[in-house]
Amino acid sequence: MKTRNRMTTLIPAIFLLLSVFPLAAQVDTEEGPSPDFGLGLIIGAQTFLDESTGESVTYQKLALSPEFAIGKFGIALDLTLHYRFTGDQENNVEIRSEDWVPSEEMPFLDLYLPKFRYIRYGFKGEPLYVKLGAIDDATLGTGFIMGGYNNTLFRPEEPIFGMGFDLDGALFSFPYVGLETFVGNLTSWDVIGARLKGRPLIWSEIPVVKNLEIGLTVAGDIAPEAREAYWAPATADNPSIAVWGFDVLQ
């Protein structure tokens with residue numbers, strides 16, 4: 001009970017600190033890029049089914065989304081606190097443990113990785129781009145095979161932690177090749193995609209063809225059973241799928 005009381009006091013304190021930190025930390029810098037801060041706040045209520053009793057339980061909801069960016073680096077958190085007042089004199093505030101305590105159904109990584117909404121370095125189209133977490137604009141090449149894919153559709157009921165990673169040879173003074181990749185969910189590896197690109201005429205001085213880019217894209221859903229709670233699992237009638245194709249960019 002003492003541990004639970006400490007958690008009851010500690011978690012709201014953390015939320016309060018996160019809510020005031022962006023305001024207090026906005027200071028001018030004389031050198032380098034200026035930091036950028038933001039904070040999203042949602043207050044409401046949400047009802048859950050108590051599987052032990054079969055009854056519905058309503059909790060108050062406090063959701064914070066602090067965001068920090070400086071230069072090419074950016075990070076955002078997605079923290080939701082569900083609590084209710086029980087009227088118990090010993091512990092009159094109850095925090096929903098499923099949000100913070102790992103279980104067999106929700107292992108540690110599945111529970112805590114999505115609390116980082118995203119971690120990013122660089123921007124799409126730059127020689128080095130890495131984004132982990134929530135990705136709502138995953139595009140490979142022209143986007144004909146994978147364009148604007150969104151791995152946040154199941155939030156908040158099922159937060160998913162994905163990855164976008166692009167590496168161009170221009171980073172190493174070798175602009176002839178590059179790679180774009182995407183993984184929808186790093187814990188299940190369901191929707192994945194990759195594009196290998198080449199610029200065979202980059203050495204040329206001809207403006208029209210110098211930056212001609214040829215790409216091979218492969219993408220698919222190799223584990224449709226990962227979405228079993230929302231879609232039918234993989235069967236003979238609903239198999240995993242993959243699509244590939246070439247594209248040309250100027």
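The coordinates are above.
Residues numbered from 1 in each chain as written. Predicted model: local features only at pLDDT ≥ 70, side-chain atom pairs only at ≥ 80, totals over all residues. Heavy atoms only, no water.

Trainee: How would you summarise the overall build of the protein chain if you had to cite specific residues and measurements?
Mentor: When you go through the protein chain residue by residue, the secondary structure sums to 3 helices and 12 strands. Expressed as a percentage of its 250 residues, the buried residues of the protein chain come to 32%. Considering only contacts within the protein chain whose residues lie at least 6 apart along the sequence, 48% involve residues at least 24 apart. (Helix = DSSP H or I, 4+ residues; strand = E, 2+ residues; numbered from the N terminus. Buried < 20%, exposed > 50% of the residue type's maximum accessible area, 1.4 Å probe, protein only. Contact = heavy atoms within 4.5 Å.)

Trainee: Explain the pairing of strand β11 (residues 213–221) to me, and be specific about the residues and the numbers.
Mentor: Pairing of strand β10 (residues 191–198) with β11 involves 8 bridges; the strand directions are antiparallel. Opposite Gly 198, over in β11, you have Ile 214 as the bridge partner. One ladder, built from 9 bridges, connects β11 with strand β12 (residues 241–249); its direction is antiparallel. Within the sheet, the bridge partner assigned to Gly 220 lies in β12 and is Ala 242. (Pairing = 2+ DSSP bridges.)

Trainee: How would you sum up the environment of Leu 79? Please name residues and give values.
Mentor: On the secondary structure map, Leu 79 appears in strand β4 (residues 79–85). On the basis of relative accessibility, which here comes to 9%, the residue Leu 79 falls in the buried class. Counting along the chain gives 20 residues from Leu 79 to Asp 99, while the straight-line C-alpha distance between them is 9.4 Å.

Trainee: Provide a residue-level description of the pattern of salt bridges, including the pertinent values.
Mentor: Two side chains carrying opposite charge are able to pair once their charged atoms lie near each other. Across all of its chains, the model carries 13 salt bridges by this definition. Its salt-bridge partner being Asp 78, residue Arg 117 comes within 3.6 Å of it at the nearest N-O pair. One end of the pair, Arg 117, is in strand β6 (residues 116–121); the other, Asp 78, is in the loop between β3 (73–77) and β4, with 39 residues separating them in the sequence. (Salt bridge = Lys/Arg side-chain N within 4 Å of Asp/Glu carboxyl O.)

Trainee: Give me the nonpolar core: which residues, what numbers.
Mentor: In globular proteins that are soluble, nonpolar side chains generally tend to be buried together. The biggest cluster of nonpolar side chains holds 7 residues, and these are Ile 135, Ala 138, Leu 140, Met 146, Phe 182, Val 191 and Ala 219. Setting aside residues no more than four positions away along its own chain, Phe 182 makes contact with Ile 135, Ala 138, Met 146, Tyr 149, Met 163, Gly 164, Val 191, Ile 192 and Gly 193. (Core = buried A, V, L, I, M, F, W, Y, C linked by side-chain atoms within 4.5 Å.)

Trainee: Hey, could you go over the side chain of Lys 131 for me, with residue numbers and the actual values?
Mentor: Looking at the element boundaries, Lys 131 is found in strand β7 (residues 128–133). No salt bridge is formed by the buried Lys 131, whose closest oppositely charged neighbour, Asp 137, lies at an N-O distance of 4.6 Å. When neighbours within four sequence positions are excluded, Lys 131 is seen to be in contact with Tyr 118, Ile 119, Arg 120, Gly 162, Met 163 and Gly 164. (Lys, Arg positive; Asp, Glu negative; His and termini not counted.)

Trainee: Any details on the environment of Arg 155? Residues and values, ideally.
Mentor: Positionally, Arg 155 belongs in the loop between β7 and β8 (162–168). Accessibility expressed as a relative area gives 15% for Arg 155, which makes it buried. Separated by 41 residues in the primary sequence, Arg 155 and Pro 114 have C-alpha atoms spaced 9.7 Å apart.

Trainee: Tell me what's going on with the pairing of β8, and back it up with residues and numbers.
Mentor: Side chains of β8 alternate between two faces, with Gly 162, Gly 164, Asp 166 and Asp 168 buried and Met 163, Phe 165 and Leu 167 left unburied. As defined by bridge partners, β7 adjoins β8 across 6 bridges and the pair is classed as antiparallel. Its bridge partner being in β8, Lys 131 is matched across the sheet by Gly 164. With 6 bridges connecting them, β8 and strand β9 (residues 177–183) associate as antiparallel partners. Bridged to Asp 166 within β9 is Glu 180.

Trainee: Any chance you could break down unusual backbone geometry for me, citing the residues and the numbers?
Mentor: The phi angle at Ser 173 is positive, at roughly 60°, despite the residue not being glycine. By secondary structure assignment, the location of Ser 173 is in the loop between β8 and β9.

Trainee: Give a description of the packing of aromatic side chains that names residues and reports values.
Mentor: Evaluated as defined, the whole model comprises 7 aromatic pairs. Seen from their ring centres, Phe 37 and Phe 68 are 4.9 Å apart, and the 45° between their planes marks the pair as tilted. Residue Phe 37 is located in strand β1 (residues 36–50), and its partner Phe 68 is located in strand β2 (residues 55–70); the two are separated by 31 residues in the primary sequence. Looking at Phe 37, the relative accessible area reads 16%, which means it is buried. Both rings, one in Phe 48 and one in Tyr 59, keep their centres 5.9 Å apart while their planes meet at 70°; by these two values the pair is edge-to-face. Here Tyr 59 lies in strand β2 and Phe 48 lies in strand β1, a separation of 11 residues in the sequence. The same class applies to Phe 48 as to Tyr 59, namely buried. Positioned over the ring face of Phe 48 is Arg 96, at 3.7 Å from the centre of the ring. For the cation-ring pair, Lys 115 lies above Tyr 112, with the distance from its terminal atom to the ring centre recorded as 5.7 Å. (Phe/Tyr/Trp six-rings, centres within 6.5 Å; stacked < 30°, edge-to-face > 60°. Lys NZ or Arg CZ within 6 Å of the ring centre and 35° of its normal.)

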